[in-house]
Amino acid sequence: MKAFKRHTVTAALPYANGPKHIGHLAGAYIPADVYVRYLRSLEKDVIFVCGSDEHGTAIPNQAVKENTTPRAIIDKYHVQMRDCFKALGIAFDVYHRTSEPIHHKTSQEIFLTLFNKGLLTEEVSEQYYDADAKAFLADRYIVGTCPKCGHPNAYGDQCEKCGSSLSPRDLINPRSTLTGNVPVLRETKHWYLPLENYEGWLREWILKGHATDWKTNVFGQCKSWIDAGLQPRAMTRDLDWGIKVPLPNAEGKVLYVWFDAPIGYVSATRAFFEEVSSGKLEFAQPQRDFGTVKADDWKKYWQDEETKLVHFIGKDNIVFHCIIFPIMLHAHGEFIVPDNVPANEFMNLEGDKMSTSRGWSIEMHEYLEDFPGKPDVLRYCLLANLPETKDSEFTWKDFQSRNNNELVAILGNFVNRALVLTQKYFDNKVPAKGTLQPADIAALESLKGQPARIAQALELYKFREATAALMDLARLGNKYLADTEPWKLHKTDPDRVATILHVALQIVANLAIAAEPFLPFSAARINEMLNLQSRLWKDAGSDSLLAEGHALGVSGLLFEKIEDSVIEKQLEKLHAKKKLMNPVVAELTPLKSEITFDDFAKLDIRVGKVLSAEKMEKSNKLLKLLVDTGVDKRTVLSGIALHYTAEEMVGKQVTLIANLAPRKMMGIESQGMILMAEDADGKLRLLQPNEVVMPGAVVS
RNA sequence: GGCGCGGUAGCUCAGGUGGUUAGAGCGUUGGAUUCAUAACCCAAAGGUCGGGGGUUCAACUCCCCCCCGCGCUACCA
């Protein structure tokens, strides 16, 4: 393994359009924090950067929803996220934001470098433009009828009903959501990064260079993308919210949010060194002594081959952090690329996907409000169950059981036992170590080896294993006490008891060191109770952290039990929130603009009968139907395979648009369109006459 | 459909360049114990390692096919 001089660790910039939930914590922030705290304990030269991602079309979108300005949105959520992270002990050296001038400057510089090196291509294409709003319309601002499922309110980038990804040009009857106008096509110029030019480099770097040290899910995902063939990707957008494209004749154009967001790591680092070197801290909060620094020192962390760059992200970000951003950095020429991207999978909640918008989530601020003083409990539960190799599951019952059976019963209990016994027998002072017996020697031996076990797991990004190894240290303590039974000896052999408690207390002191990366608040409390300064990792495993006669502090309970009622309340709250967010009447689509009778009369809608049906090969949505329309028998393709089987369609009456222009799909021509009604849950239902009518019956 | 990742004890998950009795925690059962937030400690029960083929002296571990879950992707006129 390559030896590195310093580390740059990033955690995915959270998007400032809403609160973030515990799934985000499990995906990136908690493991990143544990990793960095461990490196700091090793006295490594490390910087931990993060910040709010504040550009992109969804921010103005959210502003419209909340009836306010984009600026107000990002200010609100930036502060909320920053404060929640801090309250959870996630100790960034800098928590920046992409709306800051230094970030705009950095992003523009990088864009210009790529441009000046001739690495960007210019392309003119036709995009929708709203004449009244005098603005090109971002994909999200255009709605229209989905060409695939007929949903009348599909967005320009995606139809939320059928899930297909679209481009605005695909929409039928497009409308601007800004004004309701019909947008017109207008030519616009954009700058593209030809990703395909870097395929060879990516193959070399990832497929050859990181075949063994990257997680299988990350590596597989990258391979899949590379093998599928990369394409030019637009790095600019027509939008007024974002970073201006630093070129002449580029009014109204901003950098693509996914171009500027990862650069946020760089600008955050840059801001950090500017602030620390000038002594004016705004976003920087150095978590260790960086010594004397210069504003320019950010370059060491981004441009020196001896720096190990690690991105902590969730699996949804893999392509950006492993393909696009590295290509940007590599193409620029002066930057290093990540040594590892230990992306996690997703954490589900009580059997279902976590989703803020659907109300099925535990937001960071909700947890902090409901469980004050318990950040470590959440950290522990998430760590013990991180989605490292596959999606995992958070349940409140598991939360309770981890707290009660592990934090309270094993860790808290051991610390408490050792301290209480010392208070009882030795006036709360560390007793003298006498002659060691085999049990003592064995315990100290295990103690000595445990930090290495934890460290080894952490170096390999196996946080769950590391967390379990930490708990094993507390188990070791409990077993030691159970085996030596000092409470039975204190009348007959006080010297022996002194030795035993001396050893037990050394284990407690070690727990403070080992637990610090995982449970920083609890580690600090243990030190408080021991009346001890916090120590570094190099001291972990030592049998002499506490001197004989050292006076201990005031002890108390590290963790408290969580009752069933608390858990039940959370479950109720969760279900109530879901109901609130998903009212029975789902978001109804607004009425379309008025049409004349003649418009309607153009449609030839009639009832037909399905004569036969079969699943389209190589498709999982399409059914191929043979429909008797009365006047003819024709083939109609319909995207209903997820809702109806071929068998159950046969013999059914259907309503179809019979004079719709034929369209080829998957090599077969469809001559008509079956009408469906979609329920709130997204399920499609056939539109049928309430009594059987003859095939060909006209609907009017 | 294609591609990627996964499918191991009741639950949450480890593991393996193929090789003696497949692991942990929780849960369950039994025992021991009382210093400790009735916690700790010991022990036991519990798995045809998704299904079916194949390679091999030997496969849970390699190969092929199939099924299931998750994600990306194509198709819903």
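What you see is a predicted model, and the numbers here were worked out from it, not measured in a lab.

Relative to strand E9 (residues 184–194), strand E4 (residues 121–130) runs antiparallel, the two being bridged by nine bridges. Its bridge partner being in E9, Thr121 is matched across the sheet by Tyr192.

Turning to the sheet that holds strand E19 (residues 653–657), a few remarks are in order. Within the open sheet, the five strands sit side by side as E18-E17-E16-E19-E22. Their pairing is antiparallel. Edge strands, defined here as strands with exactly one partner in the open sheet, are strand E18 (633–638) and strand E22 (673–674). Note that strand E16 (residues 605–615) and strand E17 (residues 623–628) share six bridges and pair antiparallel. Residue pairing in the sheet places Lys615 in a bridge with Leu623 of E17.

This brings us to the sheet that holds strand E2 (residues 45–52). One open sheet holds the four strands; their spatial order is E3-E2-E1-E13, and the pairing between them is parallel. Each edge of the open sheet carries a strand with a single partner, namely strand E3 (94–97) and strand E13 (307–312). In this sheet, neighbouring strand axes are inclined to one another by 25° on average, regardless of whether the strands run parallel or antiparallel. Pairing of strand E1 (residues 6–11) with E13 involves six bridges; the strand directions are parallel. Paired with Val9 across the two strands is Val310, which belongs to E13. Contacting E1, E2, E3 and E13, helix H7 (residues 257–278) crosses the sheet at an angle of about 115° to E2.

By the assigned domains, chain A splits into domain 1 (6–109 + 257–344), domain 2 (116–255), domain 3 (364–539) and domain 4 (597–686). Across the contact, 38 residues belong to domain 1 and 32 residues belong to domain 2. Roughly 3,000 Å² of surface becomes buried between domain 1 and domain 2 when both sides are summed, with 72% attributable to carbon and sulfur atoms. Three residues stand out in domain 1 for area buried against domain 2, namely Gln108, Ile323 and Ile327, and they jointly supply 19% of the buried area on that side. Across the domain 1-domain 2 interface, the total number found is zero salt bridges. Inspection of the region where domain 1 meets domain 2 yields eleven residue pairs in polar contact (both at pLDDT 80 or more). Counted by class, the side of domain 1 that touches domain 2 contains 21 nonpolar, 13 polar and four charged residues.

Quick look at empty space enclosed by the protein now. Enumeration according to the criterion identifies two cavities of 30 Å³ or more in this entry. By volume, the largest cavity amounts to about 80 Å³. What lines the largest cavity is simply Ser361, Ile362, Glu366, Tyr367, Asp370, Trp396, Gln570, Lys573, Leu574 and Lys577. Elements with a contribution of two residues or more to the lining of the largest cavity: helix H10 (364–370) and helix H18 (564–581). Ranked by residues supplied to the lining of the largest cavity, first place goes to H18 with four residues. If you add up the space inside the second largest cavity, you get close to 40 Å³. In terms of residue class, the lining of the second largest cavity is made up of five nonpolar, one polar and two charged. Looking at which domains feed residues into the lining of the second largest cavity, each of domain 1 (6–109 + 257–344) and domain 3 (364–539) supplies at least three.

Before going further, it helps to examine the layout of surface pockets. Volume-wise, the second largest pocket comes out at about 490 Å³. Surrounding the second largest pocket, 21 residues form its lining, Asp213, Lys215, Asn340, Leu460 and Tyr461 being those nearest its centre. Every element with two or more residues in the lining of the second largest pocket is listed here: helix H6 (216–228) and helix H14 (463–484).

Next up on the list: the packing of aromatic side chains. In this structure the tally under the stated criterion is 29 aromatic pairs. Ring geometry for Tyr265 against Phe325: centres 6.3 Å apart, planes inclined by 65°, an arrangement best described as edge-to-face. Of this pair, Tyr265 sits in helix H7 while Phe325 sits in helix H9 (residues 318–332), and the two are 60 residues apart along the sequence. Each member of the pair, Tyr265 together with Phe325, is buried. Among the aromatic residues, ring-to-ring pairing joins Tyr29, Phe48, Phe85, Phe92 and Tyr95 into one connected group. Arg6 extends its terminal NZ or CZ atom over the ring of Tyr301, reaching a point 5.7 Å from the ring centre. Seen from the ring of Trp360, Lys578 lies directly overhead, with NZ or CZ sitting 5.1 Å from the centre.

With respect to the helices and strands, Leu230 occurs in the loop between H6 and strand E10 (232–234). Residues Leu230 and Pro194 lie 36 residues apart in sequence; the distance between their C-alpha atoms is 8.1 Å. Discounting residues that sit within four places of it in the chain, Leu230 has contacts with Leu195, Glu196, Glu199, Leu202, Trp225 and Ile323.

Let us now look at the nonpolar core. The nonpolar side chains of a soluble globular protein tend to be buried, and buried together. Counting 174 residues, the largest nonpolar core has Leu25, Tyr29, Phe259, Ile323, Phe394, Phe399 and Leu530 as its most contacted members. Setting aside its immediate chain neighbours within four residues, Phe259 contacts Ser107, Ile110, Phe111, Leu114, Met235 and Met328. Of all hydrophobic cores here, the second largest spans 16 residues; its members include Val610, Leu625, Ala641 and Leu656.

Conventions adopted
- Residues numbered from 1 in each chain as written.
- Chains lettered and ligands numbered in written order.
- Predicted model: local features only at pLDDT ≥ 70, side-chain atom pairs only at ≥ 80, totals over all residues.
- Heavy atoms only, no water.
- Pairing = 2+ DSSP bridges.
- Helix = DSSP H or I, 4+ residues; strand = E, 2+ residues; numbered from the N terminus.
- Axes fitted to C-alpha atoms, helices over the stretch in contact; angles between N-to-C directions.
- Contact = heavy atoms within 4.5 Å.
- Domains from an automatic or database assignment.
- Buried area = accessible area lost by both parts, 1.4 Å probe.
- Salt bridge = Lys/Arg side-chain N within 4 Å of Asp/Glu carboxyl O.
- Polar contact = N/O pair within 3.5 Å; in protein donor to acceptor, adjacent residues only side chain to side chain.
- Nonpolar A, V, L, I, M, F, W, Y, C, P; charged D, E, K, R; others polar.
- 1 Å grid on protein atoms, 1.4 Å probe; cavity = no way out; pocket = protein on both sides within 12 Å on 5 of 7 lines; lining within 4 Å.
- Points joined across faces, edges and corners; volume = space filled by probe spheres on them.
- Phe/Tyr/Trp six-rings, centres within 6.5 Å; stacked < 30°, edge-to-face > 60°.
- Buried < 20%, exposed > 50% of the residue type's maximum accessible area, 1.4 Å probe, protein only.
- Lys NZ or Arg CZ within 6 Å of the ring centre and 35° of its normal.
- Core = buried A, V, L, I, M, F, W, Y, C linked by side-chain atoms within 4.5 Å.

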